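Report on the structure
Each chain is listed here by its residues.
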Amino acid sequence: MLITRALDYFDPARAFGGDLSAALSRATCKFLLVSFTTDWRFSPARSREIVQGLIANGRDVSYAEIDAPHGHDAFLLDDARYLGVVRSYFDRMADGLRAGGAA
């Protein structure tokens, strides 16, 4: 219950007058966001808002939206598309590190 409540009230833009782009402006890492079409807890619409906020700040962001019928728990299942996206992202990060650059 406490975790669910924390998720319900979490709002990274609250301290920035509701401006998600401003809230994300200090971020310096690279991002991978993956959403599932039937996820009711973290909807694709919310993920796309985060992606847009990161893009507005010129951040490096990758996004994948996977059509899956399993709702919020889809990320817990052995979905080849999800695993492929994550694997590709990590491979790209590893290649960047091996090349001596920033991942």
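Residues numbered from 1 in each chain as written. Predicted model: local features only at pLDDT ≥ 70, side-chain atom pairs only at ≥ 80, totals over all residues. Heavy atoms only, no water.

Core analysis: the biggest nonpolar cluster contains ten residues, these being A13, L20, A23, L24, A27, F31, L33, V51, L54 and V61. Those elements that provide at least two residues to this core are helix 2 (20-23), strand 1 (31-36) and helix 3 (44-56). Residues within four places of A13 in sequence aside, it is in contact with G18, D19, L20 and A23. Listed in part, the six residues of the second largest apolar core include I66, A68, A74 and V86. (Core = buried A, V, L, I, M, F, W, Y, C linked by side-chain atoms within 4.5 Å. Buried < 20%, exposed > 50% of the residue type's maximum accessible area, 1.4 Å probe, protein only. Helix = DSSP H or I, 4+ residues; strand = E, 2+ residues; numbered from the N terminus. Contact = heavy atoms within 4.5 Å.)

Here we come to a nonpolar patch on the surface. Residues I3, L7 and F42 make up a contiguous nonpolar surface patch of roughly 300 Å² in combined accessible area. Considering the arrangement of structural elements, one finds L7 in helix 1 (residues 2-9). You can call L7 partly exposed: its relative accessible area is 37%. (Patch = residues over 30% accessible without salt bridge, like charges linked within 9 Å, V, L, I, M, F, W, Y side chains within 5 Å. Areas by Shrake-Rupley, 256 points an atom, 1.4 Å probe, with all protein chains shown as cover. Salt bridge = Lys/Arg side-chain N within 4 Å of Asp/Glu carboxyl O.)

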